[in-house]
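Listed here are the chains, written in short residue letters.
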Amino acid sequence: MSAKKVAVVGATGLVGQQMLRTLESRSFPVHSIKLLASKRSEGKLLEFHGEQIPVEVLQEDSFEGIDLALFSAGGDTSKRFAPAAVRAGCVVIDNSSAWRMDPEVPLIVPEVNPDAAQAHHGIIANPNCSTIQLVVVLKPLHDAATIKRVVVATYQAVSGAGVQAVAELEAQSRDILEGRPPRCDIFPYPIAFNCIPQIPQSDAFDSSGYTTEELKMVNETKKIMGDDSIRLTATTVRVPVHTGHSEAVNVETETKLSADDARKILAQAPGVSVLDDPAKQIYPTAREAVGSGDTYVGRIREDMSHPSALDLWIVSDNLLKGAAYNAVQIAELL
Ligand SMILES: NC(=O)c1ccc[n+]([C@@H]2O[C@H](COP(=O)([O-])OP(=O)(O)OC[C@H]3O[C@@H](n4cnc5c(N)ncnc54)[C@H](OP(=O)(O)O)[C@@H]3O)[C@@H](O)[C@H]2O)c1
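This text gives an overview of the structure that appears in the document. (Residues numbered from 1 in each chain as written. Predicted model: local features only at pLDDT ≥ 70, side-chain atom pairs only at ≥ 80, totals over all residues. Heavy atoms only, no water.)

Moving on: the overall build of the chain. Assigned secondary structure in the chain consists of 8 helices and 13 strands. Summed over all atoms, the accessible surface of the chain reaches about 14800 Å², with 50% contributed by carbon and sulfur. Taken together, the 31 basic and 42 acidic charged side chains of the chain have centroids lying 1 Å from each other. (Helix = DSSP H or I, 4+ residues; strand = E, 2+ residues; numbered from the N terminus. Areas by Shrake-Rupley, 256 points an atom, 1.4 Å probe, with all protein chains shown as cover. Lys, Arg positive; Asp, Glu negative; His and termini not counted. Charge placed at Lys NZ, Arg CZ, Asp CG, Glu CD.)

Overall, the coordinates contain 16 salt bridges when judged by the stated rule. With a closest N to O distance of 3.9 Å, Lys-216 and Glu-213 form a salt bridge. Taken together, the positions of Lys-216 and Glu-213, both in helix H5 (residues 212-225) and 3 residues apart, correspond to about one turn of that helix. In the salt-bridge network here, residues are joined through shared partners; they are Asp-175, Glu-178 and Arg-180. (Salt bridge = Lys/Arg side-chain N within 4 Å of Asp/Glu carboxyl O.)

This paragraph deals with the nonpolar core. Ranked by internal contacts, the top residues of the largest apolar core, which has 52 residues, are Phe-63, Phe-71, Val-137, Leu-141, Leu-232, Val-297 and Leu-312. With near-sequence residues (within four places) excluded, Leu-232 lies in contact with Leu-134, Val-150, Val-152, Met-217, Val-218 and Thr-221. Listed in part, the 28 residues of the second largest apolar core include Val-15, Leu-23, Leu-68 and Ala-331. (Core = buried A, V, L, I, M, F, W, Y, C linked by side-chain atoms within 4.5 Å. Buried < 20%, exposed > 50% of the residue type's maximum accessible area, 1.4 Å probe, protein only. Contact = heavy atoms within 4.5 Å.)

In the neighbourhood of the ligand, 26 residues make up the surrounding shell, with Thr-12, Val-15, Ser-38, Arg-40 and Ser-41 lying closest. For the ligand, whose unbound accessible area comes to 900 Å², protein coverage reaches 77%. Listing elements by their share of the shell around the ligand, those giving two or more residues are helix H1 (14-25) and helix H8 (320-333). Residue composition of the shell around the ligand, grouped by class: 10 nonpolar, 15 polar and 1 charged. (Near = heavy atom within 4 Å. Nonpolar A, V, L, I, M, F, W, Y, C, P; charged D, E, K, R; others polar.)

Moving on, we get to unusual backbone geometry. Pro-200 follows Ile-199 through a cis peptide bond whose omega is -10 degrees. Among the secondary structure elements, Pro-200 is positioned in the loop between helix H4 (163-177) and H5. A positive phi angle, close to 55 degrees, is found at Gln-281, a residue other than glycine. Positionally, Gln-281 belongs in the loop between strand S11 (272-274) and helix H7 (286-289). Of note, the phi angle at Arg-299 is positive, near 50 degrees, even though the residue is not glycine. With respect to the helices and strands, Arg-299 occurs in strand S12 (residues 295-302). Residue classification places Arg-299 among the partly exposed residues on the basis of a relative accessible area of 41%.

To continue, consider the pairing of strand S13 (residues 309-316). Every regular strand shows the same layout, with side chains that alternate between the two sheet faces. Among the 8 residues of S13, 7 are classified as buried, and the element is accordingly described as predominantly covered. Where S12 lies against S13, 6 bridges are found, and the strand directions are antiparallel. By the bridge assignment for S13, Val-297 is matched with Ile-314. Adjacent in sequence and paired antiparallel, S12 and S13 are bridged by 6 residues. (Pairing = 2+ DSSP bridges.)

For the rest of this paragraph, the subject is the sheet that holds strand S4 (residues 51-57). Spatially, S3-S4-S2-S1-S5-S6-S7 is the arrangement adopted by the 7 strands of the open sheet, whose pairing is mixed. Of all strands in the sheet, those bounded by a partner on one side alone are strand S3 (45-48) and strand S7 (123-125). Direction aside, neighbouring strands of the sheet carry axes that sit 30 degrees apart on average. Relative to strand S6 (residues 91-94), strand S5 (residues 68-71) runs parallel, the two sharing 4 bridges. Across the sheet, residue Phe-71 finds its bridge partner in S6, namely Asp-94. Along the sheet, helix H2 (residues 75-87) makes contact with strand S1 (4-9), S5, S6 and S7, crossing S5 at roughly 175 degrees. Packing of H8 onto the sheet brings it into contact with S5, S6 and S7, and relative to S6 it is tilted by some 155 degrees. (Axes fitted to C-alpha atoms, helices over the stretch in contact; angles between N-to-C directions.)

On the surface, Ile-176, Leu-177 and Phe-193 cluster together into a nonpolar patch covering about 330 Å² of accessible area. Mapped onto the fold, Leu-177 is located in helix H4. Residue classification places Leu-177 among the exposed positions, given a relative accessible area of 66%. (Patch = residues over 30% accessible without salt bridge, like charges linked within 9 Å, V, L, I, M, F, W, Y side chains within 5 Å.)

A few words on the packing of aromatic side chains. Counted by the stated rule, this structure contains 2 aromatic pairs. For the ring pair Phe-63 and Phe-71, a centre distance of 5.7 Å and an interplane angle of 15 degrees mean the geometry is stacked. Across the pair, exposure class does not vary: Phe-63 and Phe-71 are buried alike. When the ring of Tyr-155 is compared with that of Trp-313, the centres are 5.2 Å apart and the planes differ by 70 degrees; the resulting orientation is edge-to-face. On the criterion of sequence distance, the pair formed by Tyr-155 in strand S8 (residues 147-156) and Trp-313 in strand S13 is long-range, its members being 158 residues apart. A cation over an aromatic ring shows up here: Lys-79 above the ring of Trp-99, its NZ or CZ 4.3 Å from the ring centre. (Phe/Tyr/Trp six-rings, centres within 6.5 Å; stacked < 30°, edge-to-face > 60°. Lys NZ or Arg CZ within 6 Å of the ring centre and 35° of its normal.)

Here it is as structure tokens:
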């Protein structure tokens, strides 16, 4: 691959920072890098391959001469600036939800539907973080035994809500431990020492009672897997974990899979690490997944309430496989 002129939009954010680290760690061929964020960050210095690079303010003309733009600055910014980047001849890989369900925009998880990326018209969408780690595990099970229905409950880390949310978790934890009332600016309830079944915290519930995160999981799974017949229901919950999303998943298949079958299939699956030895208390936790681009699965067992269903525990780093790592893998596909 020839070295690319890369722009990172939202470079100062949690995902943007991981974009830089992932480009470095995967030795992505970067000819030059442009770091873009809001006016608030103008001139701030960020490190890339040992060099201090100043952040520039994102503008419509920021993309002249750029080959690849990695966007992670929220849906409104993507809606407004991704078309300008495409007009400038750039390929955009977008982490926001702005373009994911657009039929003209491929929604890609490289372990699941890499070929779909080639049909892009300038924008490729990176799926929702909870969906990515789910489909990496569902795809090999679907290929082996045809999934009929999935029931998932998520345990999502606070870093999934951005840099200010992490600051709120830290401040509230200190306040509560030191006997002060916790202050809530980002979340509707204290997130420290608590769980909040509303993601994103700012969105109203759908008339059906689902949150937008839950509906993203339903719709994006079908689009990525290329199969509208998979039925899925989700309950998404924010938990006071810094980084690393966990999911309790029940998967009903057309053909019965034993727990051993599933372990063998998943052990061969790309991007999946099986950590599953109940006798030795081995199973994945969020802390261990942090820093890795893999998706971890454990607690694999046959559902005792159903003749053809499995229970699984799936964990991954939401800032890496859930965002930056998946985006850089997409760039590598191109
Ligand atoms: N966190 C995750 O696990 C995760 C996973 C998948 C997808 N995503 C998506 O990735 C995006 C960023 O998430 P994050 O967690 O990195 O958020 P964050 O830590 O809050 O960072 C937001 C970034 O966007 C920039 N930004 C905000 N408004 C802007 C504007 N008007 N013009 C230019 N830049 C602007 C910010 O720049 P300043 O520093 O200048 O404010 C900052 O660099 C969101 O769309 C999110 O949904 C996040």
